[in-house]
Amino acid sequence: MTRSEFLRSAAALALTAPLAACATTGASTVQDPAPLADALAALDPTVSRAEANRAAALAFRLAAQLARDYQVTDPPLIHNSKVHAGLRDRGLCNHFAEDMLARLRQESFQTLKLHWATSPSTPLRIVHHAPAISSANGTFRDSIILDAWRNSGRLFWAPVSEDTRYNWMSLQEAQPVLRARRDRTAAS
């Protein structure tokens, strides 16, 4: 690592260290897929219980495995700084979303549908991405967020409508919002 890379890394870590106290790493020590499987099965009478069980178990395993693969040892914003400083290759929210969706798609669910969820940035939050899952007959608004980033590899899940921490939108809904913000930033 060059001196300039070291200084950039140190500055990034110093700037985000105060935020570490505000970030959560998950309070529960038990990561039980059964309640998520129940919630998935309850999305629609057409959801296969076997698929709901498989999706829930896989989501929990993936969240933990990706955190190990990405070498996540810190709260999310600190880990983001390490990625941006070049100290880690992956582990941003979009990496978790991308890798979880890719693996979940390999299951070829028949009664469940996968979505890319985006929460555009606000004055107090950065843009955030996570996978979501609905019944095959459902819409994004009926889906359940599967967020492995916010608790550093410990899966957070909730119905989209109940996760008030973020303003979740489908990728299709979020693209014009993100584009407009990017254009405003470029113009200033």
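Just above, that's the structure.
Small disclaimer: the values here were computed from a predicted structure and weren't measured.

Criteria and cut-off values
- Residues numbered from 1 in each chain as written.
- Predicted model: local features only at pLDDT ≥ 70, side-chain atom pairs only at ≥ 80, totals over all residues.
- Heavy atoms only, no water.
- Helix = DSSP H or I, 4+ residues; strand = E, 2+ residues; numbered from the N terminus.
- Expected span 1.5 Å × (residues − 1).
- Buried < 20%, exposed > 50% of the residue type's maximum accessible area, 1.4 Å probe, protein only.
- Contact = heavy atoms within 4.5 Å.
- Polar contact = N/O pair within 3.5 Å; in protein donor to acceptor, adjacent residues only side chain to side chain.
- Pairing = 2+ DSSP bridges.
- Core = buried A, V, L, I, M, F, W, Y, C linked by side-chain atoms within 4.5 Å.
- Axes fitted to C-alpha atoms, helices over the stretch in contact; angles between N-to-C directions.
- Parallel < 35°, antiparallel > 145°, perpendicular 65-115°, else oblique.
- Left-handed = near helix turned anticlockwise from the far one by under 90°.
- Phe/Tyr/Trp six-rings, centres within 6.5 Å; stacked < 30°, edge-to-face > 60°.
- Lys NZ or Arg CZ within 6 Å of the ring centre and 35° of its normal.

**Considerations on helix α3 (residues 49–69)**
Link 1 in the chain: The terminal C-alpha atoms of α3 lie 30 Å apart, and with 21 residues this matches the ideal 30 Å at 1.5 Å per residue to within 8%.
Link 2 in the chain: Of all the residues in α3, the buried ones are E51, A52, A55, A56, L58, A59, F60, L62, A63, L66 and A67.
Link 3 in the chain: Close packing links the buried residues of α3 with α2 (33–41), α5 (93–105), β1 (112–119), β2 (128–135), β3 (144–147) and β4 (156–159).
Link 4 in the chain: Where α3 begins, one side-chain oxygen reaches toward the backbone nitrogen of A50, 3.2 Å away; that side chain belongs to S48.
Link 5 in the chain: The positive-phi residue at the C-terminal boundary of α3 is Q71, with phi of around 60°.

**Comments concerning the sheet that holds β3**
Link 1 in the chain: A sheet is described by the order of its strands in space; here 5 strands give the open sequence β4-β3-β2-β1-β5, paired in antiparallel fashion. Edge positions in the sheet fall to β4 and β5 (169–170), since each of these pairs with one other strand and no more.
Link 2 in the chain: The sheet contact formed by β1 and β5 spans 2 bridges and is antiparallel. Each residue of the ladder has a partner; that of T118, found in β5, is M169.

**Brief notes about the nonpolar core**
Link 1 in the chain: Core analysis: the largest hydrophobic core is formed by 38 residues, its most contacted members being L36, L40, M100, I133, L146, L155 and W168.
Link 2 in the chain: Of all elements in the fold, only α2, α3, α5, β1, β2 and β3 reach the threshold of two or more residues within this core.
Link 3 in the chain: When residues in this core are grouped by element, the largest group, 10 residues, is from α3.
Link 4 in the chain: Beyond its immediate chain neighbours, meaning those up to four positions away, M100 contacts A59, L62, L66, P131, L146, A148 and L155.

**Comments concerning the packing of α3 against α5**
Link 1 in the chain: Contact geometry of α3 with α5 gives a least axis separation of 10 Å together with a crossing angle of 140°. The pairing of α3 with α5 is recorded here as oblique in orientation. With respect to the hand of their crossing, α3 and α5 are arranged in right-handed fashion. Of α5, the residues touching α3 (which contributes A55, L58, A59, L62, A63, L66 and A67) are F96, D99, M100, R103 and L104.

**A short note on the packing of aromatic side chains**
Link 1 in the chain: As enumerated under the stated definition, the model contains 2 aromatic pairs in all.
Link 2 in the chain: Between Y70 and F96, the ring centres sit 4.8 Å apart and the planes meet at 85°, which makes this aromatic pair edge-to-face. Here Y70, found in the loop between α3 and α4 (76–84), pairs with F96, found in helix α5; they are 26 residues apart in sequence, far enough to count as distant. Taken individually, Y70 and F96 each receive the classification buried, so the pair is uniform in this respect.
Link 3 in the chain: Directly above the ring of Y166 sits R125, whose terminal nitrogen or CZ lies 5.2 Å from the centroid.
Link 4 in the chain: The ring of F156 is capped by R150, whose NZ or CZ atom sits 3.7 Å from the centre of that ring.

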